[in-house]
Amino acid sequence: EDMLQMLWNGTCNAIAADRSLLSNIESSDKNRDRKFIVGDSLMTKEPLAIVTRNADREFSDIINWVVNALFYGEEQELTKNIPHCHNYANLTSYNVFDLNFMRAVYCVGNYRDIFMFDRNQNIRGMNQINNGT
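In this report, the structure presented in the accompanying data block is examined. Owing to the predicted nature of the structure, the values given are computational and were not obtained by experimental measurement. (Residues numbered from 1 in each chain as written. Predicted model: local features only at pLDDT ≥ 70, side-chain atom pairs only at ≥ 80, totals over all residues. Heavy atoms only, no water.)

1. Quick notes on the packing of aromatic side chains
For any pair of aromatic rings, geometry is given as the distance between the ring centres together with the angle between the planes. Counted by the stated rule, this structure contains 3 aromatic pairs. Arranged with centres 5.9 Å apart and planes meeting at 70°, the rings of W8 and F36 form a pair that is edge-to-face. Residue W8 is located in helix α1 (residues 2-8), and its partner F36 is located in the loop between α2 (19-26) and α3 (57-75); the two are separated by 28 residues in the primary sequence. Taking the relative accessible area as the measure of exposure, F36 reaches 16% and is therefore buried. Here F71 and Y111 contribute two aromatic rings whose centre-to-centre distance is 4.7 Å and whose plane-to-plane angle is 75°, an arrangement assigned as edge-to-face. Of this pair, F71 sits in helix α3 while Y111 sits in helix α5 (residues 111-119), and the two are 40 residues apart along the sequence. The exposure class assigned to F71 is buried, which follows from its relative accessible area of 14%. Overall, Y111 belongs to the buried group, its relative accessible area being 9%. (Phe/Tyr/Trp six-rings, centres within 6.5 Å; stacked < 30°, edge-to-face > 60°. Helix = DSSP H or I, 4+ residues; strand = E, 2+ residues; numbered from the N terminus. Buried < 20%, exposed > 50% of the residue type's maximum accessible area, 1.4 Å probe, protein only.)

Encoded structure:
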């Protein structure tokens, strides 16, 4: 709260925070004149946090591998490639070791692509892969 007051009253000229907070600041009513913008450079690649059920270690491992694949895709300049995308949503059983985590990149893009998609306020709706069952 103090940080934002200092930003709006001119006491500070720059702040560092997670991209979602910065995007909210950039699109706020107080920034109508676009005095502040969110830069394109990322200072870190770590997501804020990933929360999964404590009792579902396998699902947590899958999430971690997908996030790492998204980081790798960005580093290698790989992006969305629909012919390589495979939908796992309809599988009834699978072996984690058989999953190709790079398909996450091919289906939705790399880590930066996802951030830029969100920053441009494109709404896709809730992911239906894990419905809590």
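Read on, since the account is not over.
2. Structural notes on the side chain of N31
Position of N31 relative to the elements: it lies in the loop between α2 and α3. Within the structure, N31 has its side chain in polar contact with the backbone oxygen of E26 (distance 3.0 Å). (Polar contact = N/O pair within 3.5 Å; in protein donor to acceptor, adjacent residues only side chain to side chain.)

3. Digging into unusual backbone geometry
Here E77, not a glycine, exhibits a phi torsion of approximately 60°, which is positive. Within the element layout of this structure, E77 appears in the loop between α3 and α4 (102-108).

4. Topic: the pattern of salt bridges
When charged atoms on two side chains of opposite charge get close, those side chains can pair. Summed over all chains, the structure comprises 2 salt bridges. Salt-bridge contacts for R57 lead to D61; the nearest nitrogen and oxygen are separated by 3.4 Å. With R57 and D61 both in helix α3 and 4 residues apart, this pair spans about one turn of that helix. R57 gets classed as exposed once you look at its relative accessible area, which sits at 55%. Assessed through its relative accessible area of 29%, D61 is described here as partly exposed. (Salt bridge = Lys/Arg side-chain N within 4 Å of Asp/Glu carboxyl O.)

5. Observations regarding the environment of N24
Structurally, N24 is set in helix α2. Using a relative accessible area of 53% as the deciding quantity, one classes N24 as exposed. Sequence separation between N24 and V38 is 14 residues; the distance between their C-alpha atoms is 9.9 Å.

6. A closer look at the state of the cysteines
Tallying each qualifying case throughout the model produces 1 disulfide. Across the disulfide from C85 sits C107; the S-S distance is 1.9 Å. Handedness of the C85-C107 disulfide follows from its S-S torsion of about 105°: it is right-handed. Of this pair, C85 sits in the loop between α3 and α4 while C107 sits in helix α4; the two residues are 22 residues apart in sequence, bridging distant segments of the chain. (Disulfide = S-S within 2.5 Å.)

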